[in-house]
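# Fold and contact review
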Amino acid sequence: MKKLNIGIIGAGRIGSLHAKSITYNVPSANIKGITDVNIDNAKKVAFELGIERIYSDYKEILADPDVDAVLICSSTDTHADIAIEAAKAGKHIFCEKPVDLTPEKVQAVIDAVNKAGVKLQVGFNRRFDHNFSAVKGMINDGKIGDVQVIKITSRDPLPPPAEYSAVSGGMFLDMTIHDFDMAMFLAGSEVTEVYANAACLVDPAIGHAGDVDTAVISLKFASGAIGVIDNCRKAAYGYDQRVEVLGTKGAAVASNDTPTNVTFMGEDGVISDKPLYFFLERYMQSFRDEMVEFVDAVVNDKPTPTTGIDGLNSVLVALAAKKSVAEGKPICL
């Protein structure tokens with residue numbers, strides 16, 4: 001079987017992660033080449049993984065007839081423009097989230113992809129997490145019944161630099177966007193109303209940059225279900241990633257992954273492991289599986305499991321949450 005030849009645009013933390021995942025875990029794909037605005041990053045990843053070509057910029061990847069698909073792992077503000085160019089070049093596209101910070105630009109990507117007839121998958125890797133996908137499976141199998149309440153906890157171990165918050169679109173668009181997608185994924189329904197309470201309680205510099213670092217967000221879904229997400233940029237005990245779904249027949253709870261499941265019980269108390277440290281440790285399996293699914297969708301001409309519409313919906317909800325905080329009231333979508 002012919003391997004899918006992939007070009008990677010962006011060799012930073014997420015780009016190098018995907019490069020390693022493909023190299024070691026996706027035998028049906030081959031990394032043809034890689035590029036980065038800091039060419040030394042690309043050279044380092046290429047040397048480590050034996051990647052054949054190092055491109056001086058992404059346009060060389062798009063012009064390479066040997067490349068079938070591209071992974072867009074560059075900075076957020078470049079995603080949409082590169083995706084549109086990639087579609088015009090006839091390349092299938094895996095794009096990290098968010099596709100863009102504006103609905104109009106996300107829609108432009110969707111239109112370009114549809115016109116070109118290429119595949120687009122958005123990097124909502126948490127859908128592929130072994131815990132959360134098991135909960136979704138129970139919902140699909142009818143074990144939980146009709147979904148009534150969805151609760152998501154997502155807290156980071158450390159906040160990002162304040163300068164990152166200033167260019168990332170803010171917490172709702174770079175962090176909570178995963179939770180918005182997960183909520184709609186589990187509900188099987190779009191969000192119709194958002195009410196967000198948020199504050200800056202972790203790092204004053206984040207507030208000075210115009211962002212928040214702590215939030216509780218209430219959601220209403222078209223299905224009638226309701227949801228709540230709680231976020232914080234810093235939890236003293238580590239990376240907290242939990243989900244609970246209540247339905248008419250029962251409930252499913254996904255707890256944190258830990259290095260071991262060993263609990264020590266002694267006269268001074270009961271001790272167990274803290275959660276896995278951060279997303280690289282916690283979600284490595286999901287990064288692998290989303291890439292397997294992307295390659296399979298392209299090679300076998302299947303629909304991608306996450307789409308441009310998923311990317312658009314999550315941005316719309318994130319922007320509604322920002323507006324809710326600014327105006328102090330629920331926002332209807």
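Up top you'll find the structure we're talking about.
The rules we used
Residues numbered from 1 in each chain as written. Predicted model: local features only at pLDDT ≥ 70, side-chain atom pairs only at ≥ 80, totals over all residues. Heavy atoms only, no water. Axes fitted to C-alpha atoms, helices over the stretch in contact; angles between N-to-C directions. Helix = DSSP H or I, 4+ residues; strand = E, 2+ residues; numbered from the N terminus. Parallel < 35°, antiparallel > 145°, perpendicular 65-115°, else oblique. Contact = heavy atoms within 4.5 Å. Nonpolar A, V, L, I, M, F, W, Y, C, P; charged D, E, K, R; others polar. Disulfide = S-S within 2.5 Å. Expected span 1.5 Å × (residues − 1). Buried < 20%, exposed > 50% of the residue type's maximum accessible area, 1.4 Å probe, protein only. Left-handed = near helix turned anticlockwise from the far one by under 90°. Pairing = 2+ DSSP bridges.

### Quick word on the packing of helix H5 (residues 103-116) against helix H13 (residues 308-327)
Contact geometry for H5 and H13: axes closest at 10 Å, N-to-C directions at 175°. Taken together, the axes of H5 and H13 are roughly antiparallel relative to one another. Here Pro103, Val106, Gln107 and Ile110 of H5 come into contact with H13, specifically with Gly308, Ile309, Gly311, Leu312, Val315, Leu316 and Leu319. Residue classes in the contact of H5 with H13 are distributed as eight nonpolar, three polar and no charged.

### Thoughts on the state of the cysteines
Taken as a whole, this structure holds zero disulfides when the rule is applied. Here cysteine 95 is not cross-linked by a disulfide; its sulfur's nearest cysteine counterpart is in cysteine 73, at 8.4 Å. Left without a disulfide partner, cysteine 232 is nearest to the cysteine sulfur of cysteine 200, which lies 9.7 Å away.

### With respect to H5
One full turn of an α-helix is made of 3.6 residues, so residues set three or four places apart face in the same direction. Taking 1.5 Å per residue as the helical rise, H5 with its 14 residues ought to reach 20 Å, and the 20 Å between its terminal C-alpha atoms agrees with that figure. Within the span of H5, buried status applies to Pro103, Val106, Val109, Ile110, Ala112 and Val113. Turning to H5, the residues buried within the fold contact helix H4 (79-88), strand S5 (92-95), strand S6 (120-122) and H13. Positioned one or two residues after H5, glycine 117 has a phi angle of 75°, which is positive.

### Quick look at the packing of helix H9 (residues 176-187) against H13
Angle between the axes and distance between the axes: these two values describe a pair of packed helices. Running from amino to carboxyl end, H9 crosses H13 at an angle of 115°, the nearest separation of the two axes being 9 Å. Read as a crossing pair, H9 and H13 show a hand that is right-handed. For the pair H9 and H13, the contacting residues are Ile177, Phe180, Asp181 and Met184 in the first and Asp310, Asn313, Ser314, Val315, Val317, Ala318 and Ala321 in the second. Grouping the amino acids of the contact of H9 with H13 by side-chain chemistry returns seven nonpolar, two polar and two charged.

### As for the sheet that holds S6
The six strands are arranged S3-S2-S1-S4-S5-S6 in an open sheet whose pairing can be described as parallel. Either end of the sheet is taken by a strand with one partner, and the two such strands are strand S3 (53-54) and S6. Two elements, strand S4 (residues 69-72) and S5, share four bridges in a ladder whose sense is parallel. The partner of isoleucine 72 across the bridge, within S5, is cysteine 95.

### Topic: the sheet that holds strand S9 (residues 214-221)
Taking strand neighbours across the sheet as the criterion, the seven strands line up as S12-S11-S7-S10-S9-S8-S15 in an open arrangement whose pairing is mixed. Bordering the open sheet on either side are strand S12 (251-254) and strand S15 (331-332), each of which pairs with just one other strand. Where strand S8 (residues 191-199) lies against S9, eight bridges are found, and the strand directions are antiparallel. By the bridge assignment, valine 194 is partnered in S9 with leucine 219. Against the sheet, helix H6 (residues 130-140) engages strand S7 (147-155), strand S11 (240-247) and S12, with an angle of about 170° to S12.

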